[in-house]
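Single-letter residue listing:
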Amino acid sequence: MPDPAEMLANNRLWARDVVERDPDFFHRLAEQQAPDCLWIGCSDSRVPATQIVDVPPGEIFVHRNVANQVIHSDLNCQSVIQFAVDVLVVKHILICGHYHCSGIAAAAENERHGLVDHWLRNLVDLFESHRPMLDAVKDDKRRRQLQSELGVIQQVSNVSTTTTVRDAWSRGQDLHIHGWVYDVADGLVKDLKVTLGPDSDNAAVINQAIRKAGEAALKE
Ligand SMILES: [Zn+2]
């Protein structure tokens, strides 16, 4: 694992390499950012937003926190969403959770870890509300994956009910919210088919996504 001095040296090499391939790259980026997507993902070191979907700097506006949560009283995340939707006018908000998530595991086990327990409390409550579905999945690994998926679906719902997004949709803004889950074991992103937009029946889409996630976990 590189230390900070090595990271700075790596940075010099990376910037030089980018300029060799595209001499105008940094000049263009310095003028402005105009990303079409806001990414809300986990802080986990194994889930770097731009890298796993292979897009260069400038393409995705990123917010990350423990277990990729959107909580209505979190001024940080709410400000990111407001800036992205109202100022950058992004077209897509991508909620990307992941399997093998320490935050999901901590919430699932409901053990004491300190201050972070407060942050994870919404997930503890979420899993409790889906207790029969989760208990029906006997395989521990698959049940934990389902918990990651339920977490993403809930965050998609939470984004859709923010004042920022509701106002954007009432203005007719072209904005869609997507729920994805990334598997750190194979590098693949799965679409949870919970895409919400200005014209979708959001409650129906969310309920169907929850049902399908539960059914899929039972079958596997
Ligand atoms: Zn995580």
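How each quantity is defined
- Residues numbered from 1 in each chain as written.
- Predicted model: local features only at pLDDT ≥ 70, side-chain atom pairs only at ≥ 80, totals over all residues.
- Core = buried A, V, L, I, M, F, W, Y, C linked by C-beta atoms within 7 Å.
- Buried ≥ 20, exposed ≤ 12 C-beta atoms within 10 Å, placed from the backbone.
- Helix = DSSP H or I, 4+ residues; strand = E, 2+ residues; numbered from the N terminus.
- Contact = placed C-beta atoms within 7 Å.
- Pairing = 2+ DSSP bridges.
- Axes fitted to C-alpha atoms, helices over the stretch in contact; angles between N-to-C directions.

### Thoughts on the nonpolar core
And then number 1: Residues Leu38, Ile95 and Ile153 are the most contacted members of the largest nonpolar core, which totals 50 residues.
And then number 2: If one sorts the elements of this core by residue count, helix H8 (residues 140-160) sits on top with 6 residues.
And then number 3: Filtering out sequence-adjacent residues up to four positions away, isoleucine 95 remains in contact with Ile40, Asn68, Val152, Gln155, Val156, Val159, His178, Gly179 and Trp180.

### Focus: the sheet that holds strand E2 (residues 60-65)
Sheets are built from strands paired through backbone hydrogen bonds, the pairs being either parallel or antiparallel.
And then number 1: Spatially, the 5 strands line up as an open sheet ordered E2-E1-E3-E4-E5, and their pairing is mixed. One side of each edge strand has no neighbouring strand; the edge strands of this open sheet are E2 and strand E5 (188-191). Between one strand axis and the next, the sheet turns through 25 degrees on average, direction left out of account.
And then number 2: Direction of pairing for strand E1 (residues 37-42) relative to strand E3 (residues 92-98): parallel, over a ladder of 5 bridges. Its bridge partner lying in E3, cysteine 37 is registered against histidine 92.
And then number 3: Helix H4 (residues 75-87) rests against E1 and E2 of the sheet, and its axis sits at about 170 degrees to E2.
And then number 4: Against the sheet, H8 makes contact with E1, E3 and strand E4 (176-183), and its axis sits at roughly 160 degrees relative to E4, the strand it touches most.

### Things to note about the pairing of E1
And then number 1: With 5 of 6 residues buried, E1 is to be regarded as a mostly interior element.
And then number 2: Taken together, the 6 bridges between E1 and E2 define a ladder with parallel strand orientation. By the bridge assignment for E2, leucine 38 is matched with phenylalanine 61.

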